[in-house]
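The lines below spell out each chain.
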Amino acid sequence: MTLTQSRKAAKERKEERIPALGDMPADEFRKYGHELIDWIADYFEHIEDLPVLAQIEPGDLKAQLPSTPPEDGESMEAILADVDRLIVPALTHWSHPSFFAYFATSTSAPGIFGELLSAAFDVKSMLWRTSPASTELEEVTLDWLRQMLGLDAGMSGFIYDTASVSSMHAIAAAREGVELRIREEGMSGRKDLPLLRVYASEQAHSSIDKGIITLGLGQKSLRKIPTDSEFRMDTKALADAIDEDKRNGMLPFCIVATVGTTSTSSIDPIADIIPIGEEHAMWLHVDAAYGGSAAIVPEMRRVLDGCNRADSLVLNPHKWLFTPFDCSVLYCRHLDLLRRAFSLVPEYLRTPEQEKVRSGSDYGVQLGRRFRALKLWMIIRYFGHEGLSARIREHIRLAKLFTSWIEESDDWELMAPTPFALVCFRAAPSDRQANLDELNEAIMHDVNASGKALLSHTKLNDKLTLRLSIGNIRTTEKHVKQVWDLLNDQLQRHR
(Lines give C-alpha, C1' and ligand atoms only; values in the text may rest on other atoms or scores of the structure.)
Protein backbone atom coordinates (compact mmCIF):
# COMPACT_ATOMS: atom_id res chain seq x y z
CA MET A 1 0.00 0.00 0.00
CA THR A 2 1.34 3.41 -0.92
CA LEU A 3 1.32 6.36 1.46
CA THR A 4 -1.46 7.95 -0.60
CA GLN A 5 -3.52 4.75 -0.36
CA SER A 6 -2.96 4.58 3.40
CA ARG A 7 -4.19 8.15 3.69
CA LYS A 8 -7.31 7.31 1.75
CA ALA A 9 -7.97 4.26 3.92
CA ALA A 10 -7.53 6.35 7.05
CA LYS A 11 -10.02 8.89 5.77
CA GLU A 12 -12.51 6.14 4.93
CA ARG A 13 -12.24 4.88 8.52
CA LYS A 14 -13.50 8.33 9.62
CA GLU A 15 -10.77 9.11 12.11
CA GLU A 16 -13.08 10.92 14.56
CA ARG A 17 -10.47 10.21 17.28
CA ILE A 18 -8.49 13.17 15.96
CA PRO A 19 -9.91 16.13 17.90
CA ALA A 20 -10.90 19.33 16.19
CA LEU A 21 -8.95 21.30 18.79
CA GLY A 22 -6.40 20.55 21.48
CA ASP A 23 -3.76 17.82 21.66
CA MET A 24 -3.94 14.06 21.23
CA PRO A 25 -6.29 12.54 23.84
CA ALA A 26 -4.51 11.15 26.91
CA ASP A 27 -5.69 7.57 26.36
CA GLU A 28 -4.38 7.60 22.80
CA PHE A 29 -1.08 9.12 23.96
CA ARG A 30 -0.69 6.33 26.52
CA LYS A 31 -1.57 3.66 23.96
CA TYR A 32 0.92 4.75 21.33
CA GLY A 33 3.51 5.78 23.90
CA HIS A 34 3.62 2.19 25.17
CA GLU A 35 3.70 0.92 21.61
CA LEU A 36 6.61 3.19 20.74
CA ILE A 37 8.67 2.08 23.75
CA ASP A 38 8.02 -1.53 22.75
CA TRP A 39 8.96 -0.67 19.16
CA ILE A 40 12.25 0.92 20.26
CA ALA A 41 13.07 -2.06 22.50
CA ASP A 42 12.42 -4.42 19.58
CA TYR A 43 14.51 -2.19 17.31
CA PHE A 44 17.53 -2.53 19.57
CA GLU A 45 16.96 -6.26 20.10
CA HIS A 46 16.83 -6.93 16.35
CA ILE A 47 19.02 -4.16 14.97
CA GLU A 48 21.66 -6.67 13.86
CA ASP A 49 19.17 -8.07 11.37
CA LEU A 50 19.17 -4.71 9.56
CA PRO A 51 21.83 -3.56 7.08
CA VAL A 52 24.10 -0.96 8.69
CA LEU A 53 24.17 1.25 5.59
CA ALA A 54 20.85 2.28 4.06
CA GLN A 55 20.28 0.12 0.99
CA ILE A 56 18.58 2.77 -1.13
CA GLU A 57 19.53 5.14 -3.92
CA PRO A 58 19.27 8.95 -3.77
CA GLY A 59 15.66 10.03 -4.21
CA ASP A 60 14.10 6.64 -3.37
CA LEU A 61 12.39 7.85 -0.18
CA LYS A 62 11.25 11.15 -1.69
CA ALA A 63 9.64 9.26 -4.56
CA GLN A 64 7.44 7.38 -2.07
CA LEU A 65 6.25 10.48 -0.21
CA PRO A 66 3.37 12.71 -1.35
CA SER A 67 4.42 16.09 -2.67
CA THR A 68 1.64 17.86 -0.72
CA PRO A 69 0.80 17.82 3.01
CA PRO A 70 -2.27 15.93 4.30
CA GLU A 71 -5.49 17.89 4.30
CA ASP A 72 -6.95 15.95 7.24
CA GLY A 73 -5.24 14.45 10.24
CA GLU A 74 -4.13 10.83 10.06
CA SER A 75 -4.06 8.15 12.72
CA MET A 76 -0.90 7.32 14.64
CA GLU A 77 -1.47 3.74 13.53
CA ALA A 78 -1.01 4.78 9.90
CA ILE A 79 1.92 7.07 10.72
CA LEU A 80 3.81 4.41 12.67
CA ALA A 81 3.15 1.85 9.96
CA ASP A 82 4.88 4.16 7.51
CA VAL A 83 7.84 4.56 9.88
CA ASP A 84 8.33 0.81 9.50
CA ARG A 85 7.63 0.74 5.78
CA LEU A 86 9.37 3.91 4.62
CA ILE A 87 11.66 5.40 7.23
CA VAL A 88 13.52 2.39 8.61
CA PRO A 89 14.67 1.13 5.18
CA ALA A 90 16.08 4.62 4.52
CA LEU A 91 18.12 4.73 7.74
CA THR A 92 21.83 4.23 8.16
CA HIS A 93 21.81 2.69 11.62
CA TRP A 94 24.29 4.55 13.83
CA SER A 95 23.27 2.40 16.79
CA HIS A 96 24.14 -0.83 14.96
CA PRO A 97 26.97 -2.66 16.79
CA SER A 98 28.81 -3.05 13.46
CA PHE A 99 28.78 0.69 12.71
CA PHE A 100 32.54 1.38 12.69
CA ALA A 101 32.62 4.52 10.52
CA TYR A 102 33.56 8.12 11.39
CA PHE A 103 33.52 8.16 15.21
CA ALA A 104 31.22 5.33 16.16
CA THR A 105 28.61 6.52 18.65
CA SER A 106 25.40 5.26 20.13
CA THR A 107 22.50 6.33 22.22
CA SER A 108 21.50 4.52 25.42
CA ALA A 109 18.22 3.76 27.17
CA PRO A 110 18.56 6.30 30.02
CA GLY A 111 19.57 8.92 27.46
CA ILE A 112 16.47 8.17 25.39
CA PHE A 113 14.32 8.57 28.50
CA GLY A 114 16.03 11.89 29.21
CA GLU A 115 15.35 13.04 25.64
CA LEU A 116 11.71 12.00 25.99
CA LEU A 117 11.29 14.01 29.18
CA SER A 118 13.09 16.97 27.67
CA ALA A 119 10.65 16.94 24.75
CA ALA A 120 7.71 16.77 27.15
CA PHE A 121 8.96 19.65 29.31
CA ASP A 122 9.80 21.67 26.16
CA VAL A 123 11.97 24.04 28.19
CA LYS A 124 13.52 27.07 26.51
CA SER A 125 16.68 27.48 28.54
CA MET A 126 17.40 31.14 27.90
CA LEU A 127 17.02 32.81 31.31
CA TRP A 128 17.32 31.24 34.75
CA ARG A 129 13.69 32.22 35.38
CA THR A 130 12.46 30.41 32.24
CA SER A 131 14.40 27.26 33.12
CA PRO A 132 15.64 26.96 36.73
CA ALA A 133 15.87 23.16 36.51
CA SER A 134 17.73 23.22 33.20
CA THR A 135 20.15 25.93 34.32
CA GLU A 136 21.04 24.47 37.69
CA LEU A 137 21.04 20.81 36.64
CA GLU A 138 23.44 21.72 33.84
CA GLU A 139 25.85 23.33 36.28
CA VAL A 140 25.77 20.35 38.66
CA THR A 141 25.96 17.67 35.95
CA LEU A 142 28.89 19.33 34.21
CA ASP A 143 30.69 19.70 37.51
CA TRP A 144 30.22 15.95 38.06
CA LEU A 145 31.69 15.31 34.62
CA ARG A 146 34.55 17.72 35.32
CA GLN A 147 35.44 15.72 38.42
CA MET A 148 35.26 12.44 36.49
CA LEU A 149 37.67 13.88 33.90
CA GLY A 150 40.14 15.13 36.50
CA LEU A 151 39.86 18.78 35.45
CA ASP A 152 40.31 21.44 38.12
CA ALA A 153 37.50 23.48 39.63
CA GLY A 154 38.50 26.56 37.62
CA MET A 155 36.88 25.01 34.54
CA SER A 156 33.15 25.82 34.30
CA GLY A 157 31.03 23.86 31.87
CA PHE A 158 28.40 24.93 29.37
CA ILE A 159 26.37 22.79 26.94
CA TYR A 160 26.08 23.58 23.23
CA ASP A 161 24.89 21.32 20.42
CA THR A 162 28.14 20.27 18.71
CA ALA A 163 31.89 20.70 19.06
CA SER A 164 31.84 22.93 15.98
CA VAL A 165 29.71 25.45 17.86
CA SER A 166 31.60 24.95 21.15
CA SER A 167 34.95 25.66 19.50
CA MET A 168 33.58 28.69 17.68
CA HIS A 169 32.42 30.13 21.01
CA ALA A 170 35.82 29.43 22.57
CA ILE A 171 37.59 31.30 19.75
CA ALA A 172 35.10 34.16 20.12
CA ALA A 173 35.97 34.40 23.84
CA ALA A 174 39.67 34.33 22.96
CA ARG A 175 39.12 37.16 20.47
CA GLU A 176 37.26 39.17 23.09
CA GLY A 177 40.31 38.85 25.30
CA VAL A 178 42.59 40.75 22.91
CA GLU A 179 40.85 44.00 23.96
CA LEU A 180 40.50 45.47 20.46
CA ARG A 181 36.80 46.46 20.72
CA ILE A 182 35.83 43.95 18.05
CA ARG A 183 32.41 43.41 19.61
CA GLU A 184 31.67 47.13 19.43
CA GLU A 185 33.41 48.17 16.22
CA GLY A 186 33.65 44.95 14.23
CA MET A 187 36.60 44.02 12.03
CA SER A 188 35.77 45.31 8.58
CA GLY A 189 37.11 48.66 7.43
CA ARG A 190 39.49 49.04 10.38
CA LYS A 191 43.02 50.13 9.53
CA ASP A 192 44.06 49.88 13.19
CA LEU A 193 43.39 46.14 13.37
CA PRO A 194 46.25 43.72 12.62
CA LEU A 195 45.67 40.28 11.15
CA LEU A 196 44.61 38.07 14.06
CA ARG A 197 46.17 34.61 13.94
CA VAL A 198 44.84 31.24 15.14
CA TYR A 199 47.09 28.18 15.06
CA ALA A 200 46.02 24.55 14.72
CA SER A 201 47.68 21.43 13.40
CA GLU A 202 47.15 20.25 9.86
CA GLN A 203 45.16 17.39 11.42
CA ALA A 204 42.72 19.73 13.21
CA HIS A 205 39.01 19.34 12.51
CA SER A 206 37.47 21.41 9.73
CA SER A 207 35.13 22.99 12.29
CA ILE A 208 38.02 25.26 13.30
CA ASP A 209 38.16 26.60 9.73
CA LYS A 210 34.39 27.07 9.72
CA GLY A 211 34.39 28.79 13.10
CA ILE A 212 36.98 31.27 11.93
CA ILE A 213 35.01 31.95 8.77
CA THR A 214 31.82 32.46 10.78
CA LEU A 215 33.52 34.86 13.19
CA GLY A 216 34.68 37.02 10.31
CA LEU A 217 38.37 36.34 10.89
CA GLY A 218 38.71 34.71 7.47
CA GLN A 219 40.66 31.62 6.47
CA LYS A 220 43.75 33.79 6.12
CA SER A 221 43.78 34.04 9.92
CA LEU A 222 44.22 30.29 10.40
CA ARG A 223 47.76 28.95 10.17
CA LYS A 224 48.07 25.17 9.94
CA ILE A 225 51.07 23.69 11.74
CA PRO A 226 52.82 20.56 10.43
CA THR A 227 52.66 17.32 12.41
CA ASP A 228 55.22 14.70 13.38
CA SER A 229 55.40 11.03 12.39
CA GLU A 230 52.50 10.27 14.78
CA PHE A 231 50.33 13.09 13.40
CA ARG A 232 50.80 15.32 16.48
CA MET A 233 51.39 19.06 16.27
CA ASP A 234 55.07 19.93 15.82
CA THR A 235 55.70 22.31 18.73
CA LYS A 236 58.93 23.74 17.27
CA ALA A 237 57.10 24.56 14.05
CA LEU A 238 54.37 26.20 16.16
CA ALA A 239 56.85 28.37 18.06
CA ASP A 240 58.63 29.37 14.85
CA ALA A 241 55.32 30.25 13.14
CA ILE A 242 54.23 32.50 16.03
CA ASP A 243 57.61 34.29 16.09
CA GLU A 244 57.50 34.81 12.33
CA ASP A 245 53.96 36.17 12.40
CA LYS A 246 54.75 38.60 15.20
CA ARG A 247 57.77 39.90 13.27
CA ASN A 248 55.43 40.50 10.33
CA GLY A 249 53.04 42.59 12.41
CA MET A 250 50.34 39.96 12.97
CA LEU A 251 48.64 39.30 16.32
CA PRO A 252 48.76 35.63 17.43
CA PHE A 253 45.91 35.20 19.93
CA CYS A 254 44.72 31.56 19.96
CA ILE A 255 46.11 28.03 19.68
CA VAL A 256 43.81 25.06 19.07
CA ALA A 257 45.25 21.73 20.16
CA THR A 258 43.50 18.39 19.70
CA VAL A 259 43.06 15.32 21.90
CA GLY A 260 41.84 12.73 19.42
CA THR A 261 42.13 14.10 15.90
CA THR A 262 39.46 13.06 13.43
CA SER A 263 41.64 11.16 10.98
CA THR A 264 43.86 9.26 13.42
CA SER A 265 42.83 10.15 17.03
CA SER A 266 46.32 11.53 17.64
CA ILE A 267 47.00 13.61 20.76
CA ASP A 268 48.80 16.92 20.43
CA PRO A 269 51.54 17.47 23.08
CA ILE A 270 49.50 19.81 25.27
CA ALA A 271 52.13 20.10 28.00
CA ASP A 272 54.70 21.31 25.44
CA ILE A 273 52.25 23.68 23.75
CA ILE A 274 51.22 25.45 26.96
CA PRO A 275 54.48 27.35 27.63
CA ILE A 276 54.57 28.53 24.01
CA GLY A 277 51.11 30.02 24.33
CA GLU A 278 51.81 31.49 27.76
CA GLU A 279 54.95 33.20 26.49
CA HIS A 280 52.82 35.14 24.01
CA ALA A 281 49.74 35.53 26.26
CA MET A 282 47.66 33.38 23.88
CA TRP A 283 44.44 31.49 24.55
CA LEU A 284 44.75 27.69 24.40
CA HIS A 285 41.62 25.84 23.31
CA VAL A 286 41.67 22.03 23.41
CA ASP A 287 39.45 20.12 21.01
CA ALA A 288 38.88 16.91 22.95
CA ALA A 289 35.50 16.25 21.33
CA TYR A 290 36.34 12.60 20.77
CA GLY A 291 39.25 11.70 23.05
CA GLY A 292 38.31 13.72 26.10
CA SER A 293 35.67 11.27 27.32
CA ALA A 294 38.33 8.57 27.70
CA ALA A 295 39.81 10.54 30.60
CA ILE A 296 37.02 9.31 32.87
CA VAL A 297 38.87 5.96 32.81
CA PRO A 298 41.50 6.34 35.56
CA GLU A 299 44.34 4.78 33.57
CA MET A 300 43.46 7.00 30.57
CA ARG A 301 43.38 10.29 32.46
CA ARG A 302 46.85 11.04 31.09
CA VAL A 303 45.30 11.95 27.71
CA LEU A 304 44.33 15.30 29.25
CA ASP A 305 47.75 15.94 30.79
CA GLY A 306 48.35 19.67 30.76
CA CYS A 307 44.72 20.58 30.07
CA ASN A 308 44.31 22.08 33.52
CA ARG A 309 46.35 24.99 32.19
CA ALA A 310 44.22 25.36 29.07
CA ASP A 311 41.74 28.22 28.74
CA SER A 312 38.97 26.10 27.26
CA LEU A 313 38.25 22.49 26.32
CA VAL A 314 35.42 20.83 24.44
CA LEU A 315 34.27 17.23 24.63
CA ASN A 316 31.17 15.57 23.20
CA PRO A 317 29.17 13.22 25.44
CA HIS A 318 27.24 12.33 22.27
CA LYS A 319 30.43 10.74 20.91
CA TRP A 320 31.61 8.39 23.64
CA LEU A 321 29.37 8.79 26.67
CA PHE A 322 26.32 7.15 25.08
CA THR A 323 24.30 10.36 25.02
CA PRO A 324 21.72 10.91 22.26
CA PHE A 325 22.87 13.49 19.74
CA ASP A 326 23.30 16.38 20.35
CA CYS A 327 25.27 17.28 23.47
CA SER A 328 28.62 19.09 23.43
CA VAL A 329 30.30 20.46 26.57
CA LEU A 330 32.60 23.47 26.58
CA TYR A 331 34.70 23.93 29.70
CA CYS A 332 35.99 27.47 30.00
CA ARG A 333 38.30 29.10 32.52
CA HIS A 334 37.17 32.62 31.60
CA LEU A 335 33.37 32.66 31.56
CA ASP A 336 33.55 36.43 31.99
CA LEU A 337 35.09 36.76 28.51
CA LEU A 338 32.59 34.31 27.00
CA ARG A 339 29.77 36.31 28.55
CA ARG A 340 31.29 39.61 27.46
CA ALA A 341 31.46 38.34 23.88
CA PHE A 342 27.77 37.42 23.69
CA SER A 343 25.67 38.93 26.47
CA LEU A 344 22.94 41.21 25.19
CA VAL A 345 19.90 41.77 27.39
CA PRO A 346 17.01 43.76 25.89
CA GLU A 347 14.37 45.14 28.22
CA TYR A 348 11.95 42.28 27.57
CA LEU A 349 14.49 39.78 28.94
CA ARG A 350 15.46 41.69 32.12
CA THR A 351 14.65 39.93 35.41
CA PRO A 352 15.20 40.88 39.08
CA GLU A 353 17.61 37.98 39.73
CA GLN A 354 19.72 38.29 36.57
CA GLU A 355 22.86 39.47 38.39
CA LYS A 356 22.76 36.55 40.83
CA VAL A 357 22.26 33.65 38.41
CA ARG A 358 23.66 32.24 35.16
CA SER A 359 21.41 32.58 32.12
CA GLY A 360 22.14 30.53 29.01
CA SER A 361 21.44 33.33 26.56
CA ASP A 362 24.42 35.29 27.95
CA TYR A 363 26.96 32.72 26.75
CA GLY A 364 26.29 32.19 23.08
CA VAL A 365 24.53 33.18 19.89
CA GLN A 366 21.34 31.33 20.79
CA LEU A 367 18.58 32.80 22.89
CA GLY A 368 16.71 29.57 23.67
CA ARG A 369 18.48 26.28 24.34
CA ARG A 370 17.23 22.74 24.82
CA PHE A 371 17.24 20.94 28.18
CA ARG A 372 20.23 18.79 27.20
CA ALA A 373 21.62 18.34 30.70
CA LEU A 374 18.72 16.07 31.65
CA LYS A 375 19.78 13.17 29.45
CA LEU A 376 23.44 13.40 30.49
CA TRP A 377 22.43 13.56 34.17
CA MET A 378 20.30 10.43 33.77
CA ILE A 379 23.10 8.58 31.97
CA ILE A 380 25.70 9.40 34.63
CA ARG A 381 23.28 8.37 37.39
CA TYR A 382 22.23 5.12 35.69
CA PHE A 383 25.67 3.82 34.67
CA GLY A 384 27.79 5.63 37.28
CA HIS A 385 31.41 6.59 36.85
CA GLU A 386 32.53 2.97 37.08
CA GLY A 387 29.98 1.72 34.57
CA LEU A 388 30.85 4.36 31.99
CA SER A 389 34.57 3.74 32.52
CA ALA A 390 34.12 -0.02 32.05
CA ARG A 391 32.39 0.46 28.70
CA ILE A 392 35.03 2.85 27.36
CA ARG A 393 37.78 0.57 28.67
CA GLU A 394 36.25 -2.37 26.79
CA HIS A 395 36.13 -0.38 23.54
CA ILE A 396 39.81 0.45 23.93
CA ARG A 397 40.57 -3.22 24.55
CA LEU A 398 38.69 -4.23 21.40
CA ALA A 399 40.62 -1.65 19.35
CA LYS A 400 43.92 -2.98 20.71
CA LEU A 401 42.80 -6.49 19.82
CA PHE A 402 41.97 -5.46 16.25
CA THR A 403 45.31 -3.64 16.07
CA SER A 404 47.11 -6.84 17.10
CA TRP A 405 45.44 -8.74 14.26
CA ILE A 406 46.67 -6.10 11.81
CA GLU A 407 50.20 -6.26 13.19
CA GLU A 408 50.28 -10.07 13.04
CA SER A 409 49.05 -10.23 9.44
CA ASP A 410 51.23 -10.13 6.33
CA ASP A 411 48.33 -8.70 4.32
CA TRP A 412 47.53 -5.59 6.36
CA GLU A 413 49.46 -2.69 7.80
CA LEU A 414 48.85 -0.21 10.59
CA MET A 415 48.87 3.42 9.43
CA ALA A 416 48.87 5.27 12.77
CA PRO A 417 49.11 4.56 16.51
CA THR A 418 45.93 3.52 18.35
CA PRO A 419 45.71 5.67 21.49
CA PHE A 420 41.94 5.29 21.85
CA ALA A 421 39.45 3.05 20.02
CA LEU A 422 40.09 4.11 16.43
CA VAL A 423 42.26 1.89 14.22
CA CYS A 424 43.81 3.28 11.02
CA PHE A 425 44.98 0.54 8.66
CA ARG A 426 45.00 -0.68 5.09
CA ALA A 427 45.44 -3.77 3.00
CA ALA A 428 49.02 -4.14 1.76
CA PRO A 429 49.46 -7.75 0.60
CA SER A 430 53.00 -8.63 -0.37
CA ASP A 431 51.81 -10.05 -3.70
CA ARG A 432 50.24 -6.73 -4.73
CA GLN A 433 52.09 -3.47 -4.19
CA ALA A 434 50.58 -1.47 -7.07
CA ASN A 435 47.29 0.46 -6.87
CA LEU A 436 46.84 -0.09 -3.14
CA ASP A 437 44.55 2.92 -2.89
CA GLU A 438 42.21 1.36 -5.44
CA LEU A 439 42.35 -1.97 -3.64
CA ASN A 440 41.48 -0.48 -0.27
CA GLU A 441 38.73 1.68 -1.67
CA ALA A 442 37.18 -1.36 -3.36
CA ILE A 443 37.39 -3.38 -0.16
CA MET A 444 35.76 -0.60 1.85
CA HIS A 445 32.93 -0.10 -0.64
CA ASP A 446 32.19 -3.82 -0.80
CA VAL A 447 32.19 -4.17 3.00
CA ASN A 448 29.81 -1.23 3.27
CA ALA A 449 27.57 -2.44 0.45
CA SER A 450 27.20 -5.80 2.19
CA GLY A 451 25.21 -4.13 4.97
CA LYS A 452 27.13 -6.21 7.52
CA ALA A 453 29.44 -3.39 8.67
CA LEU A 454 30.26 0.21 7.90
CA LEU A 455 33.76 1.69 7.66
CA SER A 456 35.06 5.11 6.63
CA HIS A 457 38.40 6.31 5.31
CA THR A 458 40.94 9.12 5.34
CA LYS A 459 44.27 9.87 3.68
CA LEU A 460 47.51 9.64 5.65
CA ASN A 461 50.80 10.53 3.99
CA ASP A 462 48.79 10.66 0.77
CA LYS A 463 47.72 7.01 1.14
CA LEU A 464 44.08 5.97 1.32
CA THR A 465 43.58 4.59 4.83
CA LEU A 466 40.68 2.64 6.29
CA ARG A 467 39.29 3.66 9.67
CA LEU A 468 37.59 1.32 12.14
CA SER A 469 36.09 3.15 15.10
CA ILE A 470 34.67 1.33 18.12
CA GLY A 471 32.33 3.31 20.34
CA ASN A 472 28.91 1.69 20.27
CA ILE A 473 27.49 0.57 23.60
CA ARG A 474 26.32 -2.69 21.97
CA THR A 475 29.56 -3.60 20.16
CA THR A 476 31.25 -6.77 21.40
CA GLU A 477 34.29 -8.80 20.41
CA LYS A 478 32.01 -10.87 18.18
CA HIS A 479 31.25 -7.84 16.00
CA VAL A 480 34.91 -6.87 15.75
CA LYS A 481 35.83 -10.41 14.71
CA GLN A 482 33.03 -10.41 12.12
CA VAL A 483 34.32 -7.26 10.42
CA TRP A 484 37.88 -8.64 10.46
CA ASP A 485 36.69 -11.79 8.71
CA LEU A 486 34.68 -9.71 6.25
CA LEU A 487 37.69 -7.56 5.43
CA ASN A 488 39.84 -10.61 4.78
CA ASP A 489 37.15 -12.20 2.63
CA GLN A 490 36.98 -9.05 0.50
CA LEU A 491 40.77 -8.90 0.25
CA GLN A 492 40.88 -12.43 -1.10
CA ARG A 493 38.13 -11.62 -3.60
CA HIS A 494 40.05 -8.61 -4.94
CA ARG A 495 43.44 -10.28 -5.17
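Anything mentioned here points back to the structure above.
Residues numbered from 1 in each chain as written. Predicted model: local features only at pLDDT ≥ 70, side-chain atom pairs only at ≥ 80, totals over all residues. Heavy atoms only, no water.

**Some thoughts on the side chain of E115**
- As for its position among the elements, E115 is in helix α5 (residues 109-121).
- At 2.9 Å, the side chain of E115 forms a polar contact with the side chain of K375.
- Contact partners of E115, with chain neighbours within four places excluded, come to P324, F325, R370 and K375. (Helix = DSSP H or I, 4+ residues; strand = E, 2+ residues; numbered from the N terminus. Polar contact = N/O pair within 3.5 Å; in protein donor to acceptor, adjacent residues only side chain to side chain. Contact = heavy atoms within 4.5 Å.)

**Quick word on the sheet that holds strand β4 (residues 251-258)**
- Reading across from one edge, β1-β7-β6-β5-β4-β2-β3 is the order of the seven strands in this open sheet, with mixed pairing throughout. Edge positions in the sheet fall to β1 (156-160) and β3 (222-225), since each has one partner strand and no second. Taken over all neighbouring pairs, the strand axes of this sheet differ in orientation by 20° on average, direction set aside.
- Inspection of the sheet shows β1 paired to strand β7 (residues 328-332) by five bridges, in the antiparallel sense. Its bridge partner being in β7, G157 is matched across the sheet by Y331.
- Relative to the sheet, helix α6 (residues 132-149) contacts β1, β6 (312-315) and β7, its axis offset from that of β7 by approximately 75°. (Pairing = 2+ DSSP bridges. Axes fitted to C-alpha atoms, helices over the stretch in contact; angles between N-to-C directions.)

**Overview of the packing of aromatic side chains**
- All told, the structure shown has 18 aromatic pairs when counted by the stated rule.
- Ring plane angle 50° and centroid distance 5.2 Å describe the contact between F158 and Y160, whose orientation is recorded as tilted.
- Note on F158: relative accessible area 2%, which makes it buried.
- In this structure Y160 comes out as buried when scored by relative accessible area, which is 4%.
- On the numbers, 5.1 Å between centres and 5° between planes, the contact of Y290 with W320 is stacked. Pair noted here: Y290 is in the loop between β5 (283-287) and β6 and W320 is in helix α12 (residues 317-320), with a separation of 30 residues, a long-range link. (Phe/Tyr/Trp six-rings, centres within 6.5 Å; stacked < 30°, edge-to-face > 60°. Buried < 20%, exposed > 50% of the residue type's maximum accessible area, 1.4 Å probe, protein only.)

**Let's talk about the pattern of salt bridges**
- Applying the stated rule across the entire model yields 37 salt bridges.
- Linking D209 and K224 is a salt bridge whose minimum nitrogen-to-oxygen distance equals 3.5 Å. One end of the pair, D209, is in helix α9 (residues 206-214); the other, K224, is in strand β3, with 15 residues separating them in the sequence.
- Several salt bridges share partner residues, and in doing so they unite E115, D326, R370, R372 and K375 into one network. (Salt bridge = Lys/Arg side-chain N within 4 Å of Asp/Glu carboxyl O.)

**A word on the nonpolar core**
- Counting 94 residues, the largest nonpolar core has L304, L313, Y331, F402, W412 and L487 as its most contacted members.
- No other element matches helix α14 (residues 373-408), which puts 16 residues into this core.
- Sequence-distant contacts of F402, defined by excluding residues within four places in its chain, comprise V423, F425, L468, V480, V483, W484 and L487.
- One finds Y160, A174, A289 and L338 within the second-largest nonpolar core, a separate group that totals 34 residues. (Core = buried A, V, L, I, M, F, W, Y, C linked by side-chain atoms within 4.5 Å.)

**Digging into helix α2 (residues 26-45)**
- Here α2 is 20 residues long and its end C-alpha atoms lie 28 Å apart, about the 28 Å a rise of 1.5 Å per residue gives.
- Listing the buried residues of α2 in full gives E28, Y32, Y43 and F44. Along the axis of α2, the buried residues cluster in a sector spanning 125°; they form a single face. In α2, the exposed residues that point more than 90 degrees away from the buried face are D27, R30, H34 and E45.
- Contacts from the buried residues of α2 go to α4 (76-87) and α5. (Expected span 1.5 Å × (residues − 1). Arc of directions from axis to C-beta.)

**Here's the deal with the packing of α5 against α14**
- Where α5 meets α14, the axes come as close as 8 Å, and the angle between the chain directions of the two elements is 150°. In this view, α5 runs roughly antiparallel relative to α14, as classed from their interaxial angle. Like other packed secondary-structure pairs, α5 and α14 cross with a definite hand, here right-handed. Residue-level contacts link P110, G111, F113, G114, E115, L117, S118 and F121 of α5 to L374, K375, M378, I379, Y382 and F383 of α14.
- Here the residues of the contact of α5 with α14 sort into nine nonpolar, three polar and two charged. (Parallel < 35°, antiparallel > 145°, perpendicular 65-115°, else oblique. Left-handed = near helix turned anticlockwise from the far one by under 90°. Nonpolar A, V, L, I, M, F, W, Y, C, P; charged D, E, K, R; others polar.)

**Re empty space enclosed by the protein**
- Scanning the entire structure with this criterion turns up three cavities of 30 Å³ or more.
- Taken together, the residues that form the lining of the largest cavity break down as five nonpolar, four polar and three charged. (1 Å grid on protein atoms, 1.4 Å probe; cavity = no way out; pocket = protein on both sides within 12 Å on 5 of 7 lines; lining within 4 Å. Points joined across faces, edges and corners; volume = space filled by probe spheres on them.)

**Overview of the sheet that holds strand β10 (residues 456-460)**
- The four strands lie next to each other as β8-β9-β11-β10, forming an open sheet whose pairing is antiparallel. In the strand order of this sheet, the two ends are held by β8 (412-414) and β10, each with one partner. Taken over all neighbouring pairs, the strand axes of this sheet differ in orientation by 40° on average, direction set aside.
- Both β10 and strand β11 (residues 463-469) contribute to a ladder of five bridges, which runs antiparallel. Note that in β11 the partner of H457 across the bridge is L466.
- On top of the sheet, helix α15 (residues 436-449) reaches β8, β9 (422-427), β10 and β11; it is set at about 120° to β9, its chief contact.
- Along the sheet face, helix α16 (residues 477-494) touches β8, β9 and β11 and points at about 125° away from the line of β8.

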